[in-house]
Amino acid sequence: MEKFIKLTSSVVPLPIENVDTDQIIPARFLKATNKDGFGDNLFADWRYNKDGSPKADFVLNNPTFSGSILVAGKNFGSGSSREHAAWAIDGYGFKVVVSSFFADIFQNNALNNGVLPVVVSVEFLAEVFANVNADPKATLTIDLENQTVTNNVSGKSETFVINSYKKECLLNGLDDIDYLLSKKVQIEAYEATRIK
Amino acid sequence: MKSHYKRFMKTLFDKIWDAHVVSTVEGGPTQLYIDRHFCHEVTSPQAFNGLRARGLKVFRPEQTTLTADHNTPTINQDQPVKDPISKNQLDTFAKNAGEFNLPLYFPLGHIKNGVVHIIGPENGFTHPGATIVCGDSHTSTHGAFGAIAFGIGTSEVEMVLATQCVLQSRPKTMRITFNGKLSAGVTAKDLALYMISKLTTGGATGYFVEYAGEAIRNLSMEERMTVCNLSIEMGARGGLIAPDQTTFDYVNGREFAPKGEEWETKLAYWKTLKTDEGASFDKELVFDAADIQPMITYGTNPGMGMGITESIPTLDQVDEAGRISYQKSLEYMGFEAGEKLEGKSIDYVFLGSCTNGRIEDFRAFTAFVKGKKKADNVVAWLVPGSWMVEKQIREEGLYDILTEAGFALRQPGCSACLAMNDDKVPAGKYAVSTSNRNFEGRQGPGARTILAGPLVAAAAAISGKITDPRN
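Residues numbered from 1 in each chain as written. Chains lettered and ligands numbered in written order. Predicted model: local features only at pLDDT ≥ 70, side-chain atom pairs only at ≥ 80, totals over all residues. Heavy atoms only, no water.

Draft legend 1. Highlighting the interface of chain B and chain A. Counting residues at the interface gives 69 residues for chain B and 53 residues for chain A. Carbon and sulfur atoms make up 57% of the surface buried where chain B meets chain A, a total of about 5,100 Å² over both sides. The largest contributions to the chain B side of the interface with chain A come from Gln-46, Arg-54 and Leu-167 of chain B, which together make up 11% of the buried area. Between Asp-83 of chain B and Lys-31 of chain A there is a salt bridge whose closest N-O contact spans 2.7 Å. If you look at where chain B meets chain A, you find 25 residue pairs in polar contact (both at pLDDT 80 or more). Secondary structure elements with two or more residues in the side of chain B that touches chain A: strand 1 (21-24), strand 2 (30-33), helix 2 (45-54), helix 3 (84-99), helix 5 (154-163), strand 8 (165-168), helix 10 (260-270) and helix 11 (323-333) of chain B. Ranked by residue count, the leading element in the side of chain B that touches chain A is helix 5 of chain B, at 7 residues. Residue classes in the side of chain B that touches chain A are distributed as 24 nonpolar, 31 polar and 14 charged. (Contact = heavy atoms within 4.5 Å. Buried area = accessible area lost by both parts, 1.4 Å probe. Salt bridge = Lys/Arg side-chain N within 4 Å of Asp/Glu carboxyl O. Polar contact = N/O pair within 3.5 Å; in protein donor to acceptor, adjacent residues only side chain to side chain. Helix = DSSP H or I, 4+ residues; strand = E, 2+ residues; numbered from the N terminus. Nonpolar A, V, L, I, M, F, W, Y, C, P; charged D, E, K, R; others polar.)

Draft legend 2. Just the packing of aromatic side chains, in detail. Scanning the entire structure with this criterion turns up 25 aromatic pairs over all chains. Between the aromatic rings of Tyr-190 of chain A and Tyr-33 of chain B, the centroid separation amounts to 5.0 Å while the plane-to-plane angle is 40°, which identifies the pairing as tilted. Of this pair, Tyr-190 of chain A sits in helix 8 (residues 184-193) while Tyr-33 of chain B sits in strand 2, on two different chains. The pair formed by Tyr-190 of chain A and Tyr-33 of chain B is uniform in burial state, with each residue classed as buried. (Phe/Tyr/Trp six-rings, centres within 6.5 Å; stacked < 30°, edge-to-face > 60°. Buried < 20%, exposed > 50% of the residue type's maximum accessible area, 1.4 Å probe, protein only.)

Draft legend 3. Inspection of the side chain of Asp-423 of chain B at higher detail. All names here are of chain B. Relative to the elements of secondary structure, Asp-423 occurs in the loop between helix 15 (398-404) and strand 17 (430-433). In this structure Asp-423 comes out as buried when scored by relative accessible area, which is 3%. There is a polar contact of 2.7 Å between the side chain of Asp-423 and the side chain of Thr-74. Those residues in contact with Asp-423, other than ones at most four positions away along the chain, are Thr-74, Trp-381, Arg-410, Ser-415, Ala-416 and Gln-443.

Draft legend 4. Geometry of helix 10 of chain B. Residue and element names in this part refer to chain B. When we look at burial in helix 10, the residues that qualify are Trp-263, Lys-266, Leu-267 and Trp-270. One side of helix 10 holds all its buried residues, which, seen down the axis, span an arc of 105°. The outward face of helix 10, more than 90 degrees from its buried face, is lined by the exposed residues Glu-261, Glu-264 and Thr-265. The secondary structure elements touched by the buried residues of helix 10 are helix 9 (245-251). (Arc of directions from axis to C-beta.)

Draft legend 5. Structural detail: the nonpolar core. Counting residues in hydrophobic clusters, the biggest one holds 105 residues, and the most contacted among them are Phe-43, Phe-76 and Leu-116 of chain A together with Phe-365 of chain B. With 8 residues, helix 16 (residues 454-463) of chain B is the single largest residue contributor to this core. When neighbours within four sequence positions are excluded, Phe-43 of chain A is seen to be in contact with Leu-14, Val-19, Gln-23, Ile-24, Phe-58, Leu-60, Leu-70 and Phe-76 of chain A. If you look at the next biggest cluster of nonpolar residues, it comprises 88 residues, including Ile-16, Met-159, Ala-162 and Ala-192 of chain B. (Core = buried A, V, L, I, M, F, W, Y, C linked by side-chain atoms within 4.5 Å.)

Draft legend 6. Summary view of the sheet that holds strand 2 of chain B. All names here are of chain B. Strand order in the open sheet formed by 3 strands is 1-2-8, with antiparallel pairing between adjacent strands. One side of each edge strand has no neighbouring strand; the edge strands of this open sheet are strand 1 and strand 8. The sheet shows a mean angle of 25° between the axes of neighbouring strands, taken without regard to direction. Two strands pair when backbone bridges link them, and strand 2 and strand 8 are joined in this way by 4 bridges, in the antiparallel orientation. For Leu-32, the partnering residue across the bridge sits in strand 8 and is Val-166. (Pairing = 2+ DSSP bridges. Axes fitted to C-alpha atoms, helices over the stretch in contact; angles between N-to-C directions.)

Draft legend 7. Structural view of the state of the cysteines. Residues and elements named next belong to chain B. Overall, the coordinates contain 0 disulfides over all chains when judged by the stated rule. Looking at the unpaired Cys-39, the closest cysteine sulfur is the one in Cys-134, lying at 7.0 Å. According to the relative accessible area criterion, Cys-39 is buried, its value standing at 2%. Cys-354 provides the cysteine sulfur closest to Cys-228, a residue in no disulfide bond, and the two sulfurs are 12 Å apart. (Disulfide = S-S within 2.5 Å.)

Draft legend 8. Structural detail: the side chain of Glu-210 of chain B. Residues and elements named next belong to chain B. Following the sequence through the fold, Glu-210 ends up in strand 10 (residues 207-212). Despite its burial, Glu-210 pairs with no opposite charge, the nearest such side chain being Arg-175 at 5.5 Å. When residues no more than four places from it in sequence are discounted, the contact partners of Glu-210 are Leu-12, Met-174, Arg-175, Ile-176, Leu-240, Ala-242, Thr-275 and Phe-281. (Lys, Arg positive; Asp, Glu negative; His and termini not counted.)

Draft legend 9. Molecular detail of the pairing of strand 3 (residues 96-99) of chain A. Residues and elements named next belong to chain A. Side chains Val-96 and Val-98 of strand 3 all project onto a buried face; the interleaved residues Val-97 and Ser-99 project onto the opposite face, where all are buried too. Sheet topology places strand 2 (residues 69-72) next to strand 3; 3 bridges connect them, and they run parallel. What sits directly across from Leu-70, in strand 3, is Val-97. Tracing the backbone out of strand 2, into helix 3 (residues 84-92) and back to the parallel element strand 3 gives a crossover that is right-handed. With 4 bridges joining them, strand 3 and strand 4 (residues 116-119) adopt parallel strand pairing. Paired with Val-97 across the bridge in strand 4 is Pro-117. Following the chain from strand 3 across helix 4 (residues 104-111) to the adjacent parallel strand 4, one finds a crossover that is right-handed. (Right-handed = clockwise from strand over helix to strand, strands pointing away.)

Draft legend 10. Geometry of unusual backbone geometry. Not every positive phi belongs to a glycine, and Gln-147 of chain A is a case in point at roughly 55°. Relative to the elements of secondary structure, Gln-147 of chain A occurs in the loop between strand 5 (139-143) and strand 6 (148-151). The phi torsion at Thr-200 of chain B lies on the positive side, around 75°, for a residue other than glycine. Checked against the element boundaries, Thr-200 of chain B lands in the loop between helix 6 (188-199) and strand 10. Residue class for Thr-200 of chain B comes out partly exposed when judged on its relative accessible area of 42%.

Draft legend 11. Local environment of empty space enclosed by the protein. All names here are of chain B. The full count for this structure, using the stated rule, is 4 cavities of 30 Å³ or more. Taken as a whole, the largest cavity holds about 210 Å³ of empty space. Surrounding the largest cavity, 23 residues form its lining, His-70, Asp-136, His-138, Leu-418 and Arg-442 being those nearest its centre. Of all the secondary-structure elements, those providing two or more residues to the lining of the largest cavity are helix 4 (116-122) and helix 12 (353-356). (1 Å grid on protein atoms, 1.4 Å probe; cavity = no way out; pocket = protein on both sides within 12 Å on 5 of 7 lines; lining within 4 Å. Points joined across faces, edges and corners; volume = space filled by probe spheres on them.)

Draft legend 12. Structural detail: the pairing of strand 15 (residues 348-351) of chain B. Residues and elements named next belong to chain B. Neither face of strand 15 is open: one carries Tyr-348 and Phe-350, the other Val-349 and Leu-351, and all of them are buried. The pairing of strand 15 with strand 16 (residues 379-382) spans 4 bridges and is parallel. Note that in strand 16 the partner of Leu-351 across the bridge is Leu-382. Where strand 15 meets strand 17, 3 bridges bridge the pair, whose relative direction is parallel. Considered in strand 17, the bridge of Val-349 is made with Val-432.

Draft legend 13. Examining the packing of helix 3 of chain A against helix 4 of chain A more closely. All names here are of chain A. For the pair helix 3 and helix 4, interaxial distance at closest approach is 8 Å and the crossing angle is 50°. On the basis of the axis angle, helix 3 is oblique to helix 4. Both helix 3 and helix 4 take part in a crossing whose hand is right-handed. Here Ala-85, Ala-86 and Ile-89 of helix 3 lie close against helix 4, whose contacting residues are Phe-106, Asn-109 and Ala-110. (Parallel < 35°, antiparallel > 145°, perpendicular 65-115°, else oblique. Left-handed = near helix turned anticlockwise from the far one by under 90°.)

Encoded structure:
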């Protein structure tokens, strides 16, 4: 997994609430047996017409907005547990998703793929949407070491929550499986005592 | 402040969680031991690739149960799968089960094959007090047995295959109590849709829910599974119900359930699995079961539900920040704010899925349509959750009644619930569906889903309209 340390980028705004993982990557794209290529179908039904041509009014097709930070309305990533949603977001090139609220499973899946979900206050989120509407070049800075997110237009900054274990994983590019494999002895000891 | 005494009181969730902690990562999650892992063809191939890349074996092969269900046809299952990409995914699943020596693999056509959350309990793999995971958010279904069951991503599937453990942050606890009795014509699905409409689609995020109260106690195992299944639709990590005689009677005698002396030992333990009196929850909600009527959804998430006789909320009843999303949702559905839906024409009816594809759902649907005829304007897909359900439908004579009423039966699978196969509702068409999600495009690009219970679905199939089954 790639290391994540600090990032300053313009943002792609998606001011829709309850964006579920069926929108992020529709089920018909889940037939693959590897992790590649999902970025092309990120938000497929919002992004493309039936004939495959881009829908002009969707933000990913609007050249005004670009960047490696996706900013979305509350309850992002609800619904299906498909990790393909995280692969699609990562595959498209987003490194961070900012929202006021994330669904649980998506949050885990994102972190397990080096995509950082950043929870901000409702006010902070509203201000980012307003700033980026006024100036699409508006940037955010995400500093994982210090756990801060800064709106570089208003100068406002908030701290965000991430457990210290996951933070270390992202900073060092490690994943959970490395950790779990190092615990084999404890797992076998647990199995010997558990209520079967 | 909690009293000293109260600190020793545990919720059901705490008891099961604490019994499965292998270690706690400093400043981080819990390493949780997993008793039963369910696996299907769509969310597992990349996990097996991961094992191969690291040169790992499956750590506990007998603790993983595999069934093909999500990306399978519901007709002609005895013939080769036509779509080459789907066929490749199913072949890959078979290859992985073989290569990693997994004995509990149930491919297409196997008598134990079917929707993962239906075949699990049915074959006795689901036990009270267990930790259960699957790369599928509706794993919460198994909570009906008093288990901690939740959906995981593919990275976590790999972790379970490699170590029989996952790393999870401990969720907060919530208890939702339903006092009183459900009215006639109101099903477990209506109870769940009512609850989700009150909590909203993210209202239980971060929590593990225990369902309690008279109305929950009175539910059969099948109905409890429907309620726990839908926990994820309000964002909950999972939902569970304390095991009781109803649970023990269901599990006893099933093929993979404990037997003999082991049964007695386990039963004694299972009987201790309830929330201690005085234990506290992070959040408590109480509803009156008598307030619930048959429910339908009108929008594009399961929280957008209402009683079948009610009207769609007007814009001023919606939070200001949510109005754009709300309007977008109604526009997609082709509905107006303030409108009533009773009497609206519909095009498709889907009975099935891990939410309502069990034998009781088919009994309820069949009892309603008995002696009536399916409406000509309705395409009805009746998809049993498993081959065992299919067998029961035939043995109990439901098949003949359904045929007489103009319905055909398809073969088991997830089918139109997520429309990965050919069971897709065409763009713009309305489907009354007993499944779990009414998201945009969920049942096919442009499809418009109205979630409901089996009785509302039966009434719609007969009248061709949204109809109150109580009339």
